Structures are given as C-alpha cells and as structure tokens.
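Now for the letters of each chain:
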Number of protein chains: 2
Amino acid sequence: MKYSQATDYALHAMLYLVNSDPDKPVGVQLLSEKLTVSQTYLSKLMTKLVKAGLIHSSSGANGGYRIKRNQQDISFLDIIRAIEGTASLFECSFNHGNGCQIQQVVMDAEQQLEQYLASKKIADLVGMHKAE
Amino acid sequence: MKYSQATDYALHAMLYLVNSDPDKPVGVQLLSEKLTVSQTYLSKLMTKLVKAGLIHSSSGANGGYRIKRNQQDISFLDIIRAIEGTASLFECSFNHGNGCQIQQVVMDAEQQLEQYLASKKIADLVGMHKAE
DNA sequence: CTATAATAGACTCATAAAGTCTTTAATGGG
DNA sequence: CCCATTAAAGACTTTATGAGTCTATTATAG
C-alpha cells in the first residue's frame, strides 16, 4: 500500500510553486528540470492539480502555473487527493451495504490519517525547492 | 491507494478463527467456503499469517488453523502487515537519505495510522463470522 | 498405509501505474 | 495579424503487481 510516484512529483511541484514568485508563472519545462521528470508526463499531473483548483494555469508565451491565492489553505490531503483520487482505503467484499465492523475500523483509521494530512499545509514547509 | 483484496480476506479469516473453538482447527476448505474464495488462493494467505506468527497450523487429518493463544494481542496492524508487508507509505524520489520535509510529514501521518490500527484488536469485534 | 490437509513453486491473467508521442487549443509579443 | 510559446488532450506502449490457477510435495492423525 503506497502513494504513487505521481503524488511524490505533485507534492514537490506544489512546494516549488509555493516558494516561487506568485506573479511569475512557472512553466512545465522548468518544473520538469527541477524534478527530473519528462515534460509530457509532468504536464498531465499539473493538469490534475489545475482541475482540483489548487493552481492556476495560463497558456501562451510567459504562461505556466501559479499557486492559487489561498496558499495557507492548500493541504497535503488536497494534493494527494488531486492525484490519487478519493477512493477509500478499504472496501469490504462481503456485507455489502451492511455495516462491516472490520471496514468500520479501517475507515476510522483512514479518517484519522486524512485529518492529519489536512492539517498539514504545503506552505508550512520552508527552504525546500526554493526558486532562485 | 488501497489495501489489497488479500488483506480483506485475511482480516475476515482471522475474525472467523477468533470466533471459533480454539481447540478445533479450521481447515482452509471451510474457510474458503465462508469467504467465497478458492482454497488454493486462500491457503497462500493463511501461510503468510502463519509465518507472521499470528496463527498456528497443523497438517494431516483434523488439521487446519488455530488462532494463537494471545488473541488480545493480535491487532489489525499485525494482520495488515502480514499481508501487505512493511514497506512505507511514501518514499521521496529526491533528497535520498537527507531529510525531505514532505516525506517527514507523510511518514508522521503513517505512524499515526499504524498506531491506531495497532490499538484495534481483531478479538474486540464480536458477532461477525461467528462459527456455528 | 492412507486419506486428509498444509506448503511450495511455477504459471497465467487482468489491471493499473508510469511514461511516450503526437495533435490541438490558447495567448502574449512583435 | 502572425508566430513562438505553452498548456491540454488523447492514443499508445511498457512494466509492475495483484489476483488467481494448477500441480506437486510434505506432514500427520487414525
């Protein structure tokens, strides 16, 4: 059970954007160099972040990605969900619809996990991937 | 990000064993009927639980699986780890060895999750999969 | 001995993640 | 208005892993 590689890229990309000048959009070309990943692949991940409403994109010359204004509201959970989706950690194959106690326990655990990840904001991390 | 189907089977199998007469081993044949899964597949999962030290197995006639004596010590985490392994939830592709703050956050979250799952004992669930 | 039951290993199949290639759409600057 | 730049979209390939089967081997109670 593991978060995908894509989530790793997305978290680092977001951190880079947070530490960048909010008025200068960062293109996928620069980002892909920083993260050592191909442009085409990374751009697909960035599009997911845009659709999740975490960042803003602009096409054309001098275009790129900018973080949304409410930086302090962007949590780890937001980013992880944007990439991983919202499927739950555990689905009991039996007791369909009925309350499976096993499922209940694991879902409670998941809720704790998500609560923690929601409390951690990407903007709280400093000094990493600082844009020069 | 999801726990495997195998973990689902294993949790239910363990619950069944907990609710069974500790002196009567339960064979994989009966278990596979209860869980509607093939014998050969389930037996591989059971072997993992044996190797993890959670249950005891005996071959031959009247053989099968029995829960270990320390029922109250068997947690959800024990079972999940026996099947899923102990690989961590997140591995930063960058900052190898050094302290990646992103990884730190996610690993802290994981530790919370595991602490919760370790506090939940399979023997605390009653009434499900009760052996008749 | 023999029927029963767990263990082991090689194998297949399906699905999802990871990544590439190409085309299309949007947009700022000259 | 044109063009260089940049994001978005979609089809495609590759690879890894989960899920599951089949067959053979080992252990053991009666």
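Remember, predicted model here, so these are calculated numbers, not experimental data. (Residues numbered from 1 in each chain as written. Chains lettered and ligands numbered in written order. Predicted model: local features only at pLDDT ≥ 70, side-chain atom pairs only at ≥ 80, totals over all residues.)

Student: Teacher, can you tell me more about the overall build of chain A here?
Tutor: Helices and strands together make up the secondary structure of chain A, namely five helices and two strands. In sequence order, the secondary structure elements of chain A are arranged as α-α-α-β-β-α-α. Overall, the C-alpha framework of chain A stretches about 55 × 30 × 20 Å when taken along its three principal axes. (Helix = DSSP H or I, 4+ residues; strand = E, 2+ residues; numbered from the N terminus.)

Student: What's the story with the packing of helix 1 (residues 5–18) of chain A against helix 3 (residues 39–51) of chain A in this structure? I'm lost.
Tutor: Between two packed helices, what matters for the description is the angle formed by their axes and the separation of those axes. All names here are of chain A. The N-to-C vectors of helix 1 and helix 3 enclose an angle of 70 degrees; their axes lie 10 Å apart at closest approach. Here helix 1 is positioned roughly perpendicular relative to helix 3, judged by the angle of their axes. As helix 1 runs across helix 3, the sense of the crossing is right-handed. On helix 3, the residues that touch Ala 6, Tyr 9, Ala 10, Ala 13 and Met 14 of helix 1 are Leu 42, Leu 45, Met 46 and Leu 49. Here the residues of the contact of helix 1 with helix 3 are counted per class, giving nine nonpolar, no polar and no charged. (Axes fitted to C-alpha atoms, helices over the stretch in contact; angles between N-to-C directions. Parallel < 35°, antiparallel > 145°, perpendicular 65-115°, else oblique. Left-handed = near helix turned anticlockwise from the far one by under 90°. Contact = placed C-beta atoms within 7 Å. Nonpolar A, V, L, I, M, F, W, Y, C, P; charged D, E, K, R; others polar.)

Student: Would you take a moment to explain the confidence of the model for chain A for this structure?
Tutor: Fine structural detail should not be taken from predicted coordinates in areas where pLDDT scores are low. The pLDDT averaged across chain A works out to 91; a share of 93% of its residues lies at or above 70. What the predictor reports for the complex is a pTM of 0.91 with an ipTM of 0.89. (pLDDT = per-residue confidence, 0-100.)

Student: Which parts of the structure should I look at to understand the protein's contact with DNA strand D?
Tutor: Of all residues adjacent to DNA strand D, which total 26 residues, the nearest are Gly27(A), Ser4(B), Gln5(B), Ser38(B) and Gly60(B). The leading source of residues in the surface near DNA strand D is helix 3 of chain A, at five residues. (Near = placed C-beta within 6 Å.)

Student: Sorry, what's going on with the interface of chain A and chain B here?
Tutor: Where interface size is given, it is often the accessible area lost as the parts come together that is meant. Contact residues are listed per partner, giving 27 residues for chain A and 27 residues for chain B. Only helix 1, helix 4 (76–84) and helix 5 (101–119) of chain A provide two or more residues apiece to the side of chain A that touches chain B. Residues belonging to the side of chain A that touches chain B are distributed by class as follows: 18 nonpolar, five polar and four charged.

Student: It is not clear to me how the relation of the copies chain A and chain B should be interpreted in this structure. Could you clarify?
Tutor: Put simply, the two copies of the chain differ by a rotation about an axis and a shift along that axis. Here chain A sits on chain B after a turn of 180 degrees about the axis and a move of 0.0 Å along it, with an RMSD of 0.0 Å. When the rotation and shift are considered jointly, the pair of chain copies conforms to a two-fold rotation axis. Of the residues that chain A buries at the interface, 100% are likewise interface residues in chain B, meaning the two copies contact each other through the same surface. (Least-squares fit on C-alpha atoms with pLDDT ≥ 70 in both.)

Student: Help me out: how do you make sense of the protein's contact with DNA strand C in this one?
Tutor: Within the structure, DNA strand C sits among 26 residues, and Ser4(A), Gln5(A), Ser38(A), Gly60(A) and Ser57(B) are positioned closest to it. Looking at the surface near DNA strand C, the elements with two or more residues in it are helix 1 and helix 3 of chain A together with helix 2 (28–35), helix 3 (39–51) and strand 2 (64–67) of chain B. In terms of residue class, the surface near DNA strand C is made up of eight nonpolar, 18 polar and no charged.

Student: So what exactly am I meant to see when it comes to the environment of Leu42(A) here?
Tutor: Residues and elements named next belong to chain A. Note on placement: Leu 42 falls in helix 3. A tally of 22 C-beta atoms within 10 Å means that Leu 42 is categorised as buried. Counting along the chain gives 23 residues from Leu 42 to Tyr 65, while the straight-line C-alpha distance between them is 12 Å. Other than its neighbours up to four places away in sequence, Leu 42 contacts Tyr 9, Val 28, Leu 31, Ser 32, Leu 35 and Val 37. (Buried ≥ 20, exposed ≤ 12 C-beta atoms within 10 Å, placed from the backbone.)

Student: How should I be thinking about unusual backbone geometry in this particular structure?
Tutor: Excluding glycine, residues mostly carry a negative phi; peptide bonds, for their part, are mostly trans. Residue and element names in this part refer to chain A. Located in the positive-phi region is Thr 36, a residue other than glycine, with phi close to 50 degrees. Locating Thr 36 in the fold gives a position in the loop between helix 2 (28–35) and helix 3. The phi angle at Asn 62 is positive, at roughly 60 degrees, despite the residue not being glycine. Tracing the chain through its elements places Asn 62 in the loop between strand 1 (55–58) and strand 2 (64–67). The exposure class assigned to Asn 62 is exposed, which follows from the 8 C-beta atoms found within 10 Å.

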